Amino acid sequence: MSHRDAMSQEGIMAVLDSLEFGDGTAENEENLLEVFLYSSGAYSRVIKDEADVITGPKGCGKSAIYRVITETQIAKDLTVLPAANPTGTPVFKVLFKEDSSESRLRGIWTAYITSLVGNWIVDAFDGTPGYGYQVEEIRDILELLGLRRAQEAKRSLMQRIRRAQSIEAGAEGSLLTGALGASLKFELADADQEASGAVLLEPADFFSVLQKSAEVLMDAGQRLWVAFDRLDECFTSDSPVERRALRALLRTHLDISQALNYSRVVNMKIFLRSDLLARMSSDVAFTNSTHLRQEDIRWNSDAIADLIATRAQQSQLFRERYLEPRAGHSLVKRSWEALVPDLSSGRRRLSTSQVICERTADGNRGFNPRNVLSLFSFALASARSRQRRALDLGDAQRAEVPLLEQRDIESAAGDLSRRRLTDSVLNEFPGVAKYVRRLEKGPAEFPSLRSLMIRIGQTAVAQDRAEEILQQLQMSGVIGTTRNGYSIPRLYRASLNVNGAADAKPAHERYRVRRHLFADKGSADAVE
């Protein structure tokens, strides 16, 4: 710190009031580009059209990139169509509950994407000299099938497409992805919307519409992307049905790319949690992940430290008081020293920013900028409240450095834990709620799958069912894998009121009473 006069308690209050960290949620962020400056070049690769499938853990900035490319003009020759309303339930979520064949789902995805692209082409180029015949042909096809946007009042595009009967394709298929999918049988409509026949459309017919659309775009020197976000919301249990729908979307993306000869004039951008793609890649039914142009967003503690410092430095009062030029000290280091107490861990030699990153990570263990921003916002709210109350009572004694006290950080950690348990676990994965309740007031670590199953009351399940439950808990992030077994991450320990250690009893004593519960399962099926 400088040698200027000590700041008054009212001055400390003014600095606290001037700071803003936001909550890291893409929907609530105003200065979105900040989120990408430190995200390992993911944003740059996307806008350069070098990546089509953008993956990363929850809270890493996927939705923020999606918002920028769909809400701002990132290139003069590019239009980006959001595949769904960003605030409502994704219209395609129904596909992740529909127990249809993958061929039918691929046909539906193809029809849906073709409808979005074709409608945009008709709206954008209708009446434009030089495109009349091509646009009219695309319009006629859409209207004939009842997929023209003007006819959406009675039924959405997705509803209309899902009503089409499917006839499984026996086609030779794509070189990359196998059979192209099911043919879809659409009822034709006349001008009065009365059924007047039916037509059987194969995927190649929809690709023809996309090719015509691409020709219009190329002649006009334009590009069009269809962007899919919030696919994570469609996965609640990692069921075969959900996997099939996602696998169908990814294969449809590859099919369309191939049908358009990889011209990228019409392209898709798919934002997806990395663990979901990993499950697809390990699935024997999906062996084409190497053909996907993927970019994985990963944050390290230095990048998150930079992000927090940048947010703090937006306050003029903070800059003037704490960031006077000093040789040998970076602005990031000085910002953190001014903001938070020293939390560094001598045993593992972790810096304060590393400690905070680990405390705010879920069981998937990826550092989460959204959670860190939320932690600082909660801590700031706590500090403001305490300081105002102390000023009112005439008892304010807050130190100038750090601005946020240890108790502010601990209070914020509890608030964050409760918030994320509700919105990221219980709301997104309702199927795990009954297991999560049984984790309350217990140990934080489990040396084996059996010990975890016993804790959550699943004492008599077979091995395959135990592994299925474990997978659901891991997907939600409430359970992580460690070198010694499984654990509840620090993020959720406050809300679950758990201690930090496993049961200290020897394994043979711990399970002696319960061993009979597994006796009838046999060695092949018993939970290990």
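Procedures and definitions
- Residues numbered from 1 in each chain as written.
- Predicted model: local features only at pLDDT ≥ 70, side-chain atom pairs only at ≥ 80, totals over all residues.
- Heavy atoms only, no water.
- Pairing = 2+ DSSP bridges.
- Helix = DSSP H or I, 4+ residues; strand = E, 2+ residues; numbered from the N terminus.
- Expected span 1.5 Å × (residues − 1).
- Buried < 20%, exposed > 50% of the residue type's maximum accessible area, 1.4 Å probe, protein only.
- Arc of directions from axis to C-beta.
- Contact = heavy atoms within 4.5 Å.
- Axes fitted to C-alpha atoms, helices over the stretch in contact; angles between N-to-C directions.
- 1 Å grid on protein atoms, 1.4 Å probe; cavity = no way out; pocket = protein on both sides within 12 Å on 5 of 7 lines; lining within 4 Å.
- Points joined across faces, edges and corners; volume = space filled by probe spheres on them.
- Nonpolar A, V, L, I, M, F, W, Y, C, P; charged D, E, K, R; others polar.
- Parallel < 35°, antiparallel > 145°, perpendicular 65-115°, else oblique.
- Left-handed = near helix turned anticlockwise from the far one by under 90°.
- Core = buried A, V, L, I, M, F, W, Y, C linked by side-chain atoms within 4.5 Å.
- pLDDT = per-residue confidence, 0-100.

Student: Hey, could you run me through the sheet that holds strand E9 (residues 445–446) in this one?
Tutor: The strands making up a sheet associate through hydrogen bonds between their backbones, and the pairing can be parallel or antiparallel. Ordered in space as E9-E11-E10, the three strands form an open sheet in which the pairing is antiparallel. The open sheet is flanked by E9 and strand E10 (480–482), the only strands paired with a single partner. Summarising the sheet, E9 and strand E11 (residues 485–487) pair through two bridges and their orientation is antiparallel. Bridge pairing in E11 links glutamate 445 to serine 487.

Student: What's the story with helix H5 (residues 132–144) in this structure? I'm lost.
Tutor: Every α-helical turn comprises 3.6 residues, leaving residues that sit three or four positions apart pointing alike. Over its 13 residues, H5 extends 18 Å from the first C-alpha to the last, a length consistent with the 18 Å expected when each residue adds 1.5 Å. Taken together, the buried positions of H5 are Gln134, Val135, Ile138, Arg139 and Leu142. Down the axis of H5, the sector holding all buried residues measures 130 degrees, keeping them to one side. The secondary structure elements touched by the buried residues of H5 are helix H4 (102–125) and helix H7 (203–220). A positive backbone phi angle near 75 degrees is found at glycine 146, which sits one or two residues after H5.

Student: What am I meant to see in the sheet that holds strand E2 (residues 78–82) here?
Tutor: Across the sheet, five strands lie side by side as E2-E6-E7-E1-E8; this open sheet has parallel pairing. Sheet topology places E2 and strand E8 (294–296) at the edges, where each strand pairs with a single neighbour. Sheet twist, expressed as the average angle between the axes of neighbouring strands with direction ignored, equals 20 degrees. Two strands pair when backbone bridges link them, and strand E1 (residues 53–56) and E8 are joined in this way by three bridges, in the parallel orientation.

Student: Where do I start with unusual backbone geometry in this structure?
Tutor: Negative phi values dominate among residues other than glycine, just as trans dominates among peptide bonds. A cis amide bond, omega -5 degrees, links valine 401 with the succeeding residue proline 402. With a phi close to 65 degrees, arginine 264 is a non-glycine residue in the positive phi region. Mapping arginine 264 onto the fold places it in the loop between helix H8 (240–259) and strand E7 (266–273).

Student: Got a minute to help me understand empty space enclosed by the protein in this structure?
Tutor: In this approach a probe as big as a water molecule rolls over the atoms, and the regions it shows empty are the leftover space. Enumeration over the complete set of coordinates arrives at two cavities of 30 Å³ or more. Of the pockets and cavities examined, the largest cavity occupies roughly 50 Å³. Surrounding the largest cavity, Lys58, Asp362, Asn368, Arg370, Asn371, Arg420, Ser424, Leu491 and Tyr492 form its lining. Every element with two or more residues in the lining of the largest cavity is listed here: helix H14 (369–393), helix H15 (406–426) and helix H19 (490–496). Class assignment for the residues of the lining of the largest cavity results in two nonpolar, three polar and four charged.

Student: What is the right way to look at the packing of H4 against H8 in this model?
Tutor: Between two packed helices, the angle of one axis relative to the other and the distance separating the axes together describe the packing. Remark: H4 packs on H8, axes separated minimally by 8 Å, with the N-to-C direction vectors making an angle of 55 degrees. Our classification of the angle between H4 and H8 gives oblique. Crossing of H4 against H8: the hand is right-handed. Residues Glu102, Leu105, Arg106, Trp109, Thr110 and Ile113 of H4 form the contact with H8, whose own contacting residues are Arg244, Ala245, Arg247, Ala248, Leu249, Arg251, Thr252, Asp255 and Ile256. When the residues that make up the contact of H4 with H8 are grouped by side-chain class, the tally is seven nonpolar, two polar and six charged.

Student: Explain the nonpolar core here, please?
Tutor: A general feature of soluble globular proteins is that nonpolar side chains tend to end up buried together. Of all hydrophobic cores here, the largest spans 137 residues; its most connected members are Phe228, Phe318, Leu339, Phe376 and Ile479. Counting residues per element, this core draws most heavily on H4, at 12 residues.

Student: Got a minute to help me understand the confidence of the model for the protein in this structure?
Tutor: Close inspection of predicted coordinates is inappropriate in any region flagged by low pLDDT. Averaged over all residues, the pLDDT of the protein is 81; the fraction at 70 or higher stands at 75%. The low-confidence segment residues 168–180 (pLDDT under 50) makes 29 contacts with residues lying over four places distant or belonging to another chain. Scored below 50 in pLDDT, residues 190–195 makes six contacts in the model with residues more than four places away or belonging to other chains.

Student: Can you walk me through the packing of H7 against H8 in this structure?
Tutor: Close contact between H7 and H8 brings their axes to 10 Å; oriented N to C, the two are set at 55 degrees. In terms of orientation, H7 and H8 fall into the oblique class. When the axes of H7 and H8 are compared, the crossing they make is right-handed. Of H8, the residues touching H7 (which contributes Phe207, Leu210 and Gln211) are Asp255, Ile256 and Ala259. For the contact of H7 with H8, the per-class residue count stands at four nonpolar, one polar and one charged.

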